[in-house]
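Examining the three-dimensional arrangement
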Amino acid sequence: MAQNSRQSSAANIDPITFSVVWNKLEYLTAQIGEKILYSTQSFVTALARDLGQTILDARGKIVVAATAAPIHTLVAEEAIKGLEATFHGDYQPGDFIVANDPYIVRGGHLPDWNFIRPMFFEGEHLGFLQAKTHVSDTGGFLPGGYGAGAYDIIAEGLNIPPLKIIRAGELQRELWDLILRNVRMPTELDMDTRLINGCMAQAEEQIAALCRKYGVETIKACMAGIIAAGERAMRAEIARIPDGHYHGESTTDWDGHTDRPVHVRVEAIVAGDELTFDFSASDAQATFVNCPVGATITSAMVGLFYLVDASVPKNGGALNPIHFVLPEGSVVNPRYPATVGASQISVGTQIVEACMLAIGRALPERAMAAWSRHLCPINIGTQPDVIDPRTDHPRNYFTETFGSDGGSGAVKGFDGWLGAGFQSACANLVRPNVEHFESSSPYLVTHYEVLQDWEGAGQYRGSPGSYVRFVTRTLPGAMSLLMTGNSDGQRSAPAGVAGGGSGPCAEMEIIGTDGAHRVLRTFVTEPIRPGEACEARNPGGGGWGDPLRRDPARVSEDLRNGFVSVARAREVYGVIVTADGYTIDAAATARQREALPISQCSLTPGPVE
């Protein structure tokens, strides 16, 4: 029988009702995303699944977050703070808000827009529905948001404070037209924005149905109970970490301007069931790689979530016991109008790594090695021979293979996962298929492979690295550029833990039609000419534990799979095989391991200063 009482509290909700409501809310967040993915026009959203959705309560606390890229979900609380600073609670049914300003909603680079719909039931404000994704275009001096070298945040793209694009159900036509006039793909952006609002409106209807079935006070009490459960679970996990100060750090190649590595350093301070991440020793703000506060908090939480029990709810309650020291003017909390184009991939990844490595020092049995970096040139340009029938203009393209993304670092008991991608996305992004890349841009992919001997060695090894090669088929004179502002790892390798080795450093190059090779650096935008090829080699993840303790049978399997060579098996893992190249010579292996010094991980490149 339906419960109509509106006087329920968290204390008197029966466990079955609580579980049903919790699961329904989680289902609705996932459903919003699936509906968006089926119809979106954005390449990055539709094919890479660069999207995240959350439901928040009326205070702006995350109740549930979809299993999606956390850089789009856990940042939602900071976005709502930006809304509150703008609207001060002035919301009406039918409002729909967009924002991307990194100094207001504080979520990252400009192409990642927040879409927020205040949620109502019979006139009462229950909370917010939030989605965040990389839109088709957001203006700026180059498409895509990953072009280093912008003068300031204004040059990087359109800065949108929280704006009610739809107010009480009515589209604000003039305001919306102004925005669409300042982006390169207005048709796609218009369609996606309306789509997202529609998906959220359907979710709001289903939440209203829950309120009618169980009573609005029951639903509000369930939301509060879900948040409280997240806090209890996280406090219990922190309490298991020994009190103390634990250091972690990581480095990104440079900022596209200074030619110096940029360092993220953190002290993780554990005291009882509370944890402070102190970033005071991190570098001063630079250009391009600066990470806004919301993205910094999110990235730190990702590093922590990797090492706590997987059942801890990823909601606002789990954030409550965590405190942050983020000096203004630093790379983790820049001052306006500093640029932030690479923030969520480059320094965002370093924040994940630094926090994860710090907590890993306290919990070595749970420690995880660093993953490979994002290393995938973005292809941008114009095809003068292909006319877009919607605009009668030559087709512009903005795409990438994602194919050279490597894999994860090792943990105790498990090797790294092949092809999981970069760490701050938590393996939630998906590689678009090669056929789409080739049909939407003038390039031919000739190689898409696993790299041998490019793993971080260890008792449990990191994932092998990845290799992609593509050839340009552009017309002479047509604009064709490679943008590498989304790529990293040429100077700083994925770190190993508990005695494991780092992966090698990444490599990119362009090969001319005359066979000459020229290095393609991270954080640049370079032309690529007809007939030239681009090659990207991305390391896998770091290793866990001494590689001389690796089970020889696992080494044999890696030899069969082509992940390691006979020479690396002998010199790094101390494993000798017979003439067939696969069968372990147990006696020779024992002698080799006795002769080798402990840990040969120095054979793989380490960070370069």
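Residues numbered from 1 in each chain as written. Predicted model: local features only at pLDDT ≥ 70, side-chain atom pairs only at ≥ 80, totals over all residues. Heavy atoms only, no water.

**Examining the environment of Pro161**
Secondary-structure assignment places Pro161 in the loop between helix H5 (153-156) and strand S6 (163-167). Separated by 118 residues in sequence, Pro161 and Phe43 have C-alpha atoms that sit 24 Å apart. Excluding its chain neighbours within four sequence positions, the residues that come into contact with Pro161 are Val98, Ala99, Asp101 and Ile104. (Helix = DSSP H or I, 4+ residues; strand = E, 2+ residues; numbered from the N terminus. Contact = heavy atoms within 4.5 Å.)

**Here we look at the pairing of strand S2 (residues 62-65)**
Bridge analysis of strand S1 (residues 51-57) against S2 gives 3 bridges, and the strand direction is antiparallel. Within the sheet, the bridge partner assigned to Leu56 lies in S2 and is Ile62. Taking the residues between adjacent antiparallel strands as the criterion, S1 and S2 are bridged by 4 residues, where Gly60 takes a positive phi near 90 degrees. (Pairing = 2+ DSSP bridges.)

**Topic: unusual backbone geometry**
The peptide bond linking Tyr336 to Pro337 adopts the cis configuration, its omega dihedral lying at 10 degrees. Tracing the backbone through its elements, the reader meets Pro337 in the loop between strand S11 (322-325) and helix H11 (346-362). With a phi close to 65 degrees, Asp453 is a non-glycine residue in the positive phi region. Here Phe523, not a glycine, exhibits a phi torsion of approximately 65 degrees, which is positive. The residue Phe523 is located in the loop between strand S18 (517-519) and strand S19 (525-527) in this model. Taking the relative accessible area as the measure of exposure, Phe523 reaches 1% and is therefore buried. (Buried < 20%, exposed > 50% of the residue type's maximum accessible area, 1.4 Å probe, protein only.)

**A look at the sheet that holds S2**
Two orientations exist for strands paired in a sheet by backbone hydrogen bonds: parallel and antiparallel. The sheet built from 7 strands is open, its strands ordered S2-S1-S5-S4-S3-S6-S7 with antiparallel pairing. Edge positions in the sheet fall to S2 and strand S7 (170-171), since each of these pairs with one other strand and no more. As paired elements, strand S3 (residues 96-99) and strand S4 (residues 112-121) share 3 bridges and run antiparallel to each other. Within S4, the position partnered with Val98 by the bridge is Phe115. Along the sheet, helix H7 (residues 186-214) contacts S1, S3, S4, strand S5 (124-134), S6 and S7; its crossing angle with S4, the most-contacted strand, is approximately 30 degrees. (Axes fitted to C-alpha atoms, helices over the stretch in contact; angles between N-to-C directions.)

**Quick notes on the nonpolar core**
Core analysis: the largest hydrophobic core is formed by 75 residues, its most contacted members being Phe277 and Phe279. With 10 residues, the top contributor of residues to this core is H11. Here Phe279 is in contact with Val264, Arg265, Val266, Thr296, Ala300, Phe324, Val325, Leu326, Pro327, Val332, Ile351 and Cys355, once residues within four sequence places are set aside. Counting 49 residues, the second-largest nonpolar core is a separate cluster that includes Val98, Leu163, Ile207 and Ile219. (Core = buried A, V, L, I, M, F, W, Y, C linked by side-chain atoms within 4.5 Å.)

**Examining the pattern of salt bridges**
With the rule as written, the count across this model stands at 37 salt bridges. Taking the shortest distance from any N to any O, the salt bridge between Asp259 and Arg521 comes out at 2.8 Å. Of the two residues, Asp259 is situated in the loop between strand S8 (244-252) and strand S9 (262-271) and Arg521 in the loop between S18 and S19; the sequence distance between them amounts to 262 residues. Assessed through its relative accessible area of 29%, Arg521 is described here as partly exposed. The shortest N-O distance in the salt bridge between Glu532 and Arg529 comes to 3.9 Å. (Salt bridge = Lys/Arg side-chain N within 4 Å of Asp/Glu carboxyl O.)

**Notes on the domain arrangement of the protein**
Parsing the protein into structural domains produces domain 1 (2-232), domain 2 (234-360) and domain 3 (378-550). Taking only C-alpha atoms, the centre of domain 1 and the centre of domain 3 are 31 Å apart. Between domain 1 and domain 3, the contact holds 22 residues from the first and 23 residues from the second. Between domain 1 and domain 3, a total of about 1800 Å² is buried, with carbon and sulfur atoms accounting for 72% of that surface. When the buried area of domain 1 at its contact with domain 3 is split by residue, Phe43, Leu47 and Tyr146 rank highest and sum to 33% of it. Applying the counting rule to domain 1 against domain 3 returns 0 salt bridges. Elements supplying a minimum of two residues to the side of domain 1 that touches domain 3: helix H2 (43-48) and helix H3 (70-73). (Domains from an automatic or database assignment. Buried area = accessible area lost by both parts, 1.4 Å probe.)

**Some thoughts on the sheet that holds strand S14 (residues 443-451)**
Taken in spatial order, the 5 strands make up an open sheet running S14-S15-S20-S17-S18, and their pairing is antiparallel. Looking at strand neighbours, the two that pair on one side only are S14 and S18, the edges of this open sheet. Averaged over all neighbouring strand pairs, the angle between strand axes comes to 20 degrees, with direction disregarded. The pairing of strand S15 (residues 465-472) with strand S20 (residues 533-538) spans 6 bridges and is antiparallel. Pairing of Val468 across the sheet is with Ala536, part of S20.

**Topic: the pairing of S1**
Of all 7 residues making up S1, 7 are buried, and the element is well covered by its neighbours. Here S1 shows two buried faces, one formed by Leu51, Gln53, Ile55 and Asp57 and the other by Gly52, Thr54 and Leu56. Where S1 lies against S5, 7 bridges are found, and the strand directions are antiparallel. Considered in S5, the bridge of Asp57 is made with Gly127.

**Some points on the packing of H7 against helix H8 (residues 216-239)**
Relative to each other, H7 and H8 sit at 115 degrees, their axes nearing to 6 Å. Judged on the interaxial angle alone, H8 and H7 are roughly perpendicular. The residues of H8 that touch H7, namely those facing Leu210, Cys211 and Tyr214, are Val216, Thr218 and Ile219. Of the residues belonging to the contact of H7 with H8, the class tally is 5 nonpolar, 1 polar and no charged. (Parallel < 35°, antiparallel > 145°, perpendicular 65-115°, else oblique. Nonpolar A, V, L, I, M, F, W, Y, C, P; charged D, E, K, R; others polar.)

**Observations regarding the packing of aromatic side chains**
In the structure shown here, the tally under the stated rule is 15 aromatic pairs. Ring-pair connections join several aromatic residues into one group, and the members of that group are Tyr397, Phe437, Tyr443 and Phe470. In this arrangement the basic side chain of Lys164 is found over the ring face of Phe87, its NZ or CZ atom lying 5.0 Å from the centre. For the cation-ring pair, Arg521 lies above Trp254, with the distance from its terminal atom to the ring centre recorded as 3.9 Å. (Phe/Tyr/Trp six-rings, centres within 6.5 Å; stacked < 30°, edge-to-face > 60°. Lys NZ or Arg CZ within 6 Å of the ring centre and 35° of its normal.)

**Structural notes on the confidence of the model for the protein**
Summary statistics for the protein give a mean pLDDT of 93 and a share of 96% for residues scoring 70 or more. Within the model, the stretch residues 1-9 combines pLDDT values under 50 with 20 contacts to residues more than four positions away or in other chains. Between residues 600-609, whose pLDDT stays under 50, and residues either more than four places distant or in other chains, the model counts 29 contacts. (pLDDT = per-residue confidence, 0-100.)

**A word on helix H6 (residues 173-181)**
Buried within H6 are the following residues: Trp176, Ile179 and Leu180. Each buried residue of H6 lies within a common arc of 100 degrees when the element is viewed along its axis, so the set occupies one face. Facing away from the buried side of H6 by over 90 degrees, the exposed positions are Glu174, Leu178 and Arg181. On its buried side, H6 packs onto S4, S6, S7 and H7. (Arc of directions from axis to C-beta.)

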